2 protein chains.
Amino acid sequence: MYRSLRLRQRPKGKIVLLVLDGIGDITSSHSKRLTPLEAARTPQLDQLAKTSVMGRLTPVLPGITPGSGPAHLGLFGYDPLETQVARGVIEALGLNIELQPKDIAARANFCSIDTKGIITDRRAGRITSELNKILCKKLQAIEKIQETEIIIQPGTSHRFVVVFRGGNIEGPLSDSDPHIEGEPIRKIKPKSSSIKTNRAGSIVNQFYQKALLLLQEERPANGFLLRGISHTPKIPTFQERFELEAAVIATYPMYKGLAKLLGMKTLENNHSIEGQFKQYVHSFDSFDYFFIHVKGTDIAGEDGNFEQKVSVIEEVDKFLPILLNKTPQVLAITGDHSTPVFLKAHSWHPPPVLLHSQNSGSDKLSRFTEINANYGSLGIFQSKFLIRLMMANAGLYDKFGA
Amino acid sequence: MYRSLRLRQRPKGKIVLLVLDGIGDITSSHSKRLTPLEAARTPQLDQLAKTSVMGRLTPVLPGITPGSGPAHLGLFGYDPLETQVARGVIEALGLNIELQPKDIAARANFCSIDTKGIITDRRAGRITSELNKILCKKLQAIEKIQETEIIIQPGTSHRFVVVFRGGNIEGPLSDSDPHIEGEPIRKIKPKSSSIKTNRAGSIVNQFYQKALLLLQEERPANGFLLRGISHTPKIPTFQERFELEAAVIATYPMYKGLAKLLGMKTLENNHSIEGQFKQYVHSFDSFDYFFIHVKGTDIAGEDGNFEQKVSVIEEVDKFLPILLNKTPQVLAITGDHSTPVFLKAHSWHPPPVLLHSQNSGSDKLSRFTEINANYGSLGIFQSKFLIRLMMANAGLYDKFGA
């Protein structure tokens, strides 16, 4: 139905989604019963809050802790249960690999195996990124399996990515990772009965045999595991779905990669919040929709660093006028999910969302915090509806029905 | 699932849905940061609020601005995405045409065309209702096309309705309106491949040719456009779905017509709020469910008239004792959608809802306003669930499961 709603006009102003990754938090005895948003000094955000509406987002469904992929797909208006991007593809995008349409990507990590091939450490003692690079270079000696090109890209610590390109192959394939130690590496199997997927299974298993031979003298990383092995999905672009010219202003490859997968244009920046906001001002005339991704809040959450999370929020607040002075028609500030400092990990807690436009109305709340967001007129709603609310605020939709 | 819930008893009291059309509003700098509900003096509503529960309604889905048709279908417990009523049918009901089951209705408006048949003004300069009547009478010279009877009914300004009755025809058909000036009137095409729909397409196109000939000497209204051409949908009646004898007390034909389409009985009244409430008292014993529709709040919103919207609310409040003294077992007060004064149009903002019964409990909120509704125990929920909540409050449902 949503797709049958037509735009009644071209956008007259700019729609801006400012994602403070992992912004949502919870109080704990460690934090004097304040969340980072509550503890931060945010005069700019406070001012904005007074003329905005608020609510909280359910990234997927209640009780689901989302990864970055599904969480962002929701914010971009895609149902994260319908539109799934394989973990291998997400990881490849995160390592800045330019995936081609029929590539199969696998998330990989080095592990330790004993003489009988039983996994003794699924992470090979978390080897250094330097050793990882050396081992990946060794594996890259395998350039091709039949018609399929092999591309290996090291990540951090024990993680890397393998891309299988060409040779008329298709995913998805099962994991080789048994997800438990004390078991052997599993044989990879096609998850569908198509000829292309069977061929892919054969190619990946052949690659495995050759690769394990190359690693057999290494210690501790004498094996590796593959997960989330699939091809790049066919997803309608953001432009196709919402008729908006979109750009991404992010600092981490994964977010740029995911946005690019949806057809958004990547805008380079100097990797500071100030620089990201300035890039928005600079590119203001060229796009309808800007996705600005701030990573620092999530890193601080994952590190369990309360002061650091407060500090990133205050930095956003400090530079917010750059963004507000080149007035967006509609601005939403939220997180893709929560990353509570106390949990040091993504969580299921609904992140707060603030929505501001001339037409938004106001919930008469004085600050943008998790608790205030509970009192807002947006309620708690699924992330996938946010884009529609933003577009409604921009006056883009006609009425539904007479 | 819902349909498998059985009534455990016949209703003992009356269920009343009081719709203040377009009641929901937003604050803006124009309104001293108050909504009309906040600004109005409403001692009766305030008293009621203290022993009621509140929430806000999503008429369709977040970010969707509904028309009156889908918005009311939701309030009556029909999913507005599943149950769609064509625009032509809604307009015909609005002009008080008694539609018969297989009628096809089209929304029509006069336009101006040049000598080559290109549309130069889609609204023919918004001709007067008087001229509209004269032109419709002229078109009514076409009484029949083959076996199909033609019924033409003028509306206001340049708008009218054409009903095609009999001759074994069926919709839906495409619009003849290109929705833009500078293009020719489009040929109408069947939207399905059925024989009946093909026949309907042929009949409507023949009507068009004859009708344009009749208008060719007219200025500026020498053409007309048809939209939303379809037959009356087959909808289970309200009585079939909810086992309630229902009546409508409305002043505008559209709301009476839509309720009638669902099998509700129309109760006439003197078109004042006081008169509507008195009609409820008068007919109290004859029905289980009363839908009372107050139009004034929406008109004031559409006109951007803050004081007028306040005044209609105060009038409802003044006469509310008439309704309350003939005590409904369950009373819900809400809007079908919001019509903010600042926007002068329907909007996507969720209207507030108040629900009162002996079993409702209380949210301990002192007034019925948008902000208070944010704090209510009903939360923000889809309109289509309201009827079930009202029936639960009336003690009509058994437990679901053991």
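Residues numbered from 1 in each chain as written. Chains lettered and ligands numbered in written order. Predicted model: local features only at pLDDT ≥ 70, side-chain atom pairs only at ≥ 80, totals over all residues. Heavy atoms only, no water.

## Digging into the overall build of chain A
Of regular secondary structure, chain A possesses 13 helices and 14 strands. Taken over 402 residues, chain A has a buried fraction of 58%. Taking the intrachain contacts of chain A between residues at least 6 apart in sequence as the baseline, contacts between residues at least 24 apart amount to 74%. Here chain A has roughly 16,900 Å² of accessible surface; of this, 50% comes from carbon and sulfur atoms. When the 49 basic and 40 acidic side-chain charges of chain A are each reduced to a single mean position, those positions are 3 Å apart. (Helix = DSSP H or I, 4+ residues; strand = E, 2+ residues; numbered from the N terminus. Buried < 20%, exposed > 50% of the residue type's maximum accessible area, 1.4 Å probe, protein only. Contact = heavy atoms within 4.5 Å. Areas by Shrake-Rupley, 256 points an atom, 1.4 Å probe, with all protein chains shown as cover. Lys, Arg positive; Asp, Glu negative; His and termini not counted. Charge placed at Lys NZ, Arg CZ, Asp CG, Glu CD.)

## Focus: the relation of the copies chain A and chain B
Expressed as a screw transformation, the operator carrying chain A onto chain B has a rotation angle of 125° and an axial translation of 0.1 Å, and the superposed copies differ by an RMSD of 0.4 Å. Viewed as a symmetry operation, the transformation between the two copies matches a three-fold axis. Scanning chain A for the C-alpha nearest the rotation axis identifies Tyr375 of chain A, at a separation of 3.3 Å. (Least-squares fit on C-alpha atoms with pLDDT ≥ 70 in both.)

## Things to note about the sheet that holds strand 10 (residues 265-266) of chain B
Strands in a sheet are paired, the pairing made by backbone hydrogen bonds, and the direction either parallel or antiparallel. Residue and element names in this part refer to chain B. Read across the open sheet, the eight strands follow the order 10-9-11-1-12-13-2-14; overall the sheet is mixed. Edge strands, defined here as strands with exactly one partner in the open sheet, are strand 10 and strand 14 (379-382). As defined by bridge partners, strand 2 (residues 53-58) adjoins strand 13 (residues 352-357) across four bridges and the pair is classed as antiparallel. Across the sheet, Val53 pairs through a bridge with Leu355, a residue of strand 13. (Pairing = 2+ DSSP bridges.)

## Digging into the pattern of salt bridges
Residues and elements named next belong to chain B. Per the counting criterion, the structure on display carries 31 salt bridges over all chains. In this structure, the salt-bridge partner of Lys384 is Asp79, at a minimum N-O distance of 2.8 Å. Residue Lys384 is located in the loop between strand 14 and helix 13 (386-393), and its partner Asp79 is located in the loop between helix 3 (68-75) and helix 4 (87-94); the two are separated by 305 residues in the primary sequence. Here Asp177 and Arg227 are joined by a salt bridge, their closest N and O atoms 3.4 Å apart. A residue pair is termed long-range when its members are at least 10 positions apart, and Asp177 in the loop between strand 7 (159-165) and helix 6 (195-215) and Arg227 in strand 8 (residues 223-231) qualify at 50 residues. Like Asp177, the residue Arg227 is buried in the burial classification. (Salt bridge = Lys/Arg side-chain N within 4 Å of Asp/Glu carboxyl O.)

## Some remarks on the pairing of strand 6 (residues 148-154) of chain B
Residues and elements named next belong to chain B. Looking at chain direction, strand 5 (residues 144-145) and strand 6 are connected through two bridges and run antiparallel. Counterpart to Lys144 in the pairing with strand 6 is Glu149. Here strand 5 hands over to strand 6 after two residues, with Gln146 in that stretch at a positive phi of 50°. Relative to strand 7, strand 6 runs antiparallel, the two sharing six bridges. The residue bridging Ile152 from the neighbouring strand is Val162, located in strand 7. The loop that links strand 6 with its antiparallel partner strand 7 comprises four residues; one of these, Ser157, has a positive phi angle of about 50°.

## So, helix 6 of chain B
Since the α-helix advances by 3.6 residues per turn, residues separated by three or four positions end up pointing in the same direction. Residues and elements named next belong to chain B. Under the 1.5 Å per step criterion, the end-to-end length of helix 6 is 30 Å for 21 residues, consistent within 8% with the ideal 30 Å. Of the residues making up helix 6, those classed as buried are Thr197, Ala200, Gly201, Ile203, Val204, Asn205, Phe207, Tyr208, Ala211 and Leu215. Looking at the buried positions of helix 6, the neighbouring elements they touch are strand 3 (104-113), helix 5 (129-139), strand 5, strand 6, strand 7 and strand 8. (Expected span 1.5 Å × (residues − 1).)

## Considerations on the sheet that holds strand 9 (residues 246-249) of chain A
All names here are of chain A. Overall, mixed pairing links the eight strands, which are arranged 10-9-11-1-12-13-2-14 in an open sheet. The open sheet terminates on both sides in strands that have one partner only, identified here as strand 10 (265-266) and strand 14 (379-382). Relative to strand 13 (residues 352-357), strand 12 (residues 330-334) is paired through four bridges, and the arrangement is antiparallel. Bridged to Leu331 within strand 13 is His356. Against the sheet, helix 9 (residues 273-283) engages strand 1 (15-20), strand 9 and strand 11 (289-294), with an angle of about 175° to strand 11. (Axes fitted to C-alpha atoms, helices over the stretch in contact; angles between N-to-C directions.)

## What to know about the state of the cysteines
Residues and elements named next belong to chain A. Counted under the stated rule, the structure contains zero disulfides over all chains. Cys111 supplies the cysteine sulfur nearest to Cys136, a cysteine that is in no disulfide, at a spacing of 13 Å. Residue class for Cys136 comes out buried when judged on its relative accessible area of 3%. (Disulfide = S-S within 2.5 Å.)

## Side note on the interface of chain A and chain B
With 28 residues of chain A at the contact, the number on the chain B side is 33 residues. Contact between chain A and chain B buries roughly 2,400 Å² in total, counting both sides, with carbon and sulfur atoms accounting for 65%. On the surface where chain A and chain B come into contact, there are one salt bridge. Residues Lys364 of chain A and Glu38 of chain B are paired through a salt bridge, measuring 2.7 Å at the closest nitrogen-oxygen approach. When residues in the side of chain A that touches chain B are grouped by element, the largest group, four residues, is from helix 13 (residues 386-393) of chain A. Here the side of chain A that touches chain B is built from residues that sort into eleven nonpolar, eleven polar and six charged. (Buried area = accessible area lost by both parts, 1.4 Å probe. Nonpolar A, V, L, I, M, F, W, Y, C, P; charged D, E, K, R; others polar.)

## Here's the deal with helix 5 (residues 129-139) of chain A
Residues and elements named next belong to chain A. When we look at burial in helix 5, the residues that qualify are Asn132, Leu135, Cys136 and Leu139. Within helix 5, the buried residues cover an arc of 105° as seen down the axis, which keeps them to one side. Facing away from the buried side of helix 5, by more than 90 degrees, are the exposed residues Glu130, Lys133, Ile134 and Lys137. Buried residues in helix 5 make contact with strand 3 (104-113), strand 6 (148-154), strand 7 (159-165) and helix 6 (195-215). (Arc of directions from axis to C-beta.)

## Details of unusual backbone geometry
Cis geometry is found at the peptide bond from Gly171 of chain A to Pro172 of chain A, where omega equals -5°. Of note, Pro172 of chain A is situated in the loop between strand 7 and helix 6. Between Arg219 of chain B and the following residue, Pro220 of chain B, the backbone shows a cis peptide bond with an omega angle of 0°. Positioned with a positive phi, Ala124 of chain A is a non-glycine residue whose angle comes to about 50°. Looking at where Ala124 of chain A falls in the secondary structure, it is placed in the loop between strand 4 (119-121) and helix 5. By relative accessible area, which is 1% here, Ala124 of chain A ends up buried. Within the chain, Glu243 of chain A stands out as a residue other than glycine whose phi angle is a positive 55°. Topologically, Glu243 of chain A is positioned in the loop between helix 7 (238-242) and strand 9. For Glu243 of chain A, a relative accessible area of 37% puts it in the partly exposed group.

## Looking at the packing of aromatic side chains
Applying the stated criterion to the full structure yields 27 aromatic pairs over all chains. Where Phe287 of chain A meets Phe290 of chain A, the ring centres are 5.9 Å apart and the plane angle is 75°; that geometry is what we call edge-to-face. Given a relative accessible area of 0%, Phe290 of chain A falls into the buried group. Judged by centre distance (6.5 Å) and plane angle (75°), the rings of Phe76 of chain B and Phe238 of chain B are edge-to-face. Of this pair, Phe76 of chain B sits in the loop between helix 3 and helix 4 while Phe238 of chain B is found in helix 7 (residues 238-242), placing the two residues 162 residues apart along the sequence. Assigned by exposure class, Phe76 of chain B and Phe238 of chain B land together as buried. In this structure an aromatic cluster arises from ring pairing among Phe76, Tyr78, Phe238, Phe242, Tyr289 and Phe291 of chain A. The side chain of Lys295 of chain A reaches across the aromatic face of Tyr252 of chain A, ending 5.1 Å from its centre. Over the aromatic face of Phe284 of chain A sits the side chain of Lys326 of chain A, whose NZ or CZ is 4.8 Å from the ring centroid. (Phe/Tyr/Trp six-rings, centres within 6.5 Å; stacked < 30°, edge-to-face > 60°. Lys NZ or Arg CZ within 6 Å of the ring centre and 35° of its normal.)

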